[in-house]
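So you can see what is in the structure, the chains are spelled out below.
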Amino acid sequence: MSIINWVDLENLGDERGSLISIEAEKNIPFKVKRIYYISKTKENISRGFHAHKELTQAAICVNGKCRMLLDNGEKKQEAWLDSPNKALIIGPMIWREMYDFSDDCILLVLASEYYDESDYIRNYKEFLECISQ
Ligand code: T46
């Protein structure tokens, strides 16, 4: 089973330009409690390097591109986030690393829960131990 799960987001745009609508529990499969966006990531900077115990997120690159590595403890898969028409759904207990942000990358993330640092596993060894329990 793939750990790279995309949701297609329909472009409702017209001759004036693009318009993409996101509706919680409709085209995004969870209630959205929090939204954040990552931008202006400096050259050669990598982000992530953690998993979440409970959180589900949808990551959409609304401008530019970046590369995401997902790891469920058994296998690792990579995906380029390079389209505002695709949301990458990242469930709980998936280690993620983000690389190769373009200068103009704006990564929009919808999250199923409010921010809670205690939901993070920021140590890879601890992540593997949790997975194997
Ligand atoms: C994820 C990837 C894709 C908050 O206070 N509130 C928030 O909602 C978030 C997301 C972060 N923070 C604080 C926590 C840190 O002190 O902002 C700081 C930077 O967060 P972090 O180092 O976790 O950022 P990334 O880019 O490594 O990871 C982020 C999300 O935290 C994470 O959930 O899945 O983006």
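You'll find the structure just up there.
These numbers come from a predicted model, not from an experiment.

About the thresholds
Residues numbered from 1 in each chain as written. Predicted model: local features only at pLDDT ≥ 70, side-chain atom pairs only at ≥ 80, totals over all residues. Heavy atoms only, no water. 1 Å grid on protein atoms, 1.4 Å probe; cavity = no way out; pocket = protein on both sides within 12 Å on 5 of 7 lines; lining within 4 Å. Points joined across faces, edges and corners; volume = space filled by probe spheres on them. Helix = DSSP H or I, 4+ residues; strand = E, 2+ residues; numbered from the N terminus. Nonpolar A, V, L, I, M, F, W, Y, C, P; charged D, E, K, R; others polar. Phe/Tyr/Trp six-rings, centres within 6.5 Å; stacked < 30°, edge-to-face > 60°. Buried < 20%, exposed > 50% of the residue type's maximum accessible area, 1.4 Å probe, protein only.

Visitor: Tell me about the layout of surface pockets, and please be specific about residues and values.
Guide: Of the volumes computed, that of the largest pocket is approximately 190 Å³. Mapped onto the lining of the largest pocket, the elements with two or more residues apiece are strand 2 (34-39), strand 3 (47-52), strand 4 (57-63), strand 8 (95-99) and strand 9 (106-111). It is strand 3 that contributes the most residues to the lining of the largest pocket, 4 residues altogether. The residue makeup of the lining of the largest pocket, split by class, is 9 nonpolar, 4 polar and 3 charged.

Visitor: Describe the packing of aromatic side chains, with residues and values.
Guide: Within the structure shown, the criterion is met by 5 aromatic pairs. Ring geometry for phenylalanine 49 and tyrosine 99: centres 6.0 Å apart, planes at 85°, overall edge-to-face. Of the two residues, phenylalanine 49 sits in strand 3 while tyrosine 99 sits in strand 8, which places them 50 residues apart along the sequence. You can call tyrosine 99 buried: its relative accessible area is 19%. Ring geometry for tryptophan 95 versus phenylalanine 127: centroids 5.7 Å apart, planes at 40°, classification tilted. Here phenylalanine 127 lies in helix 1 (residues 124-132) and tryptophan 95 lies in strand 8, a separation of 32 residues in the sequence. Comparing tryptophan 95 with phenylalanine 127 shows no difference in burial state: the two are buried.

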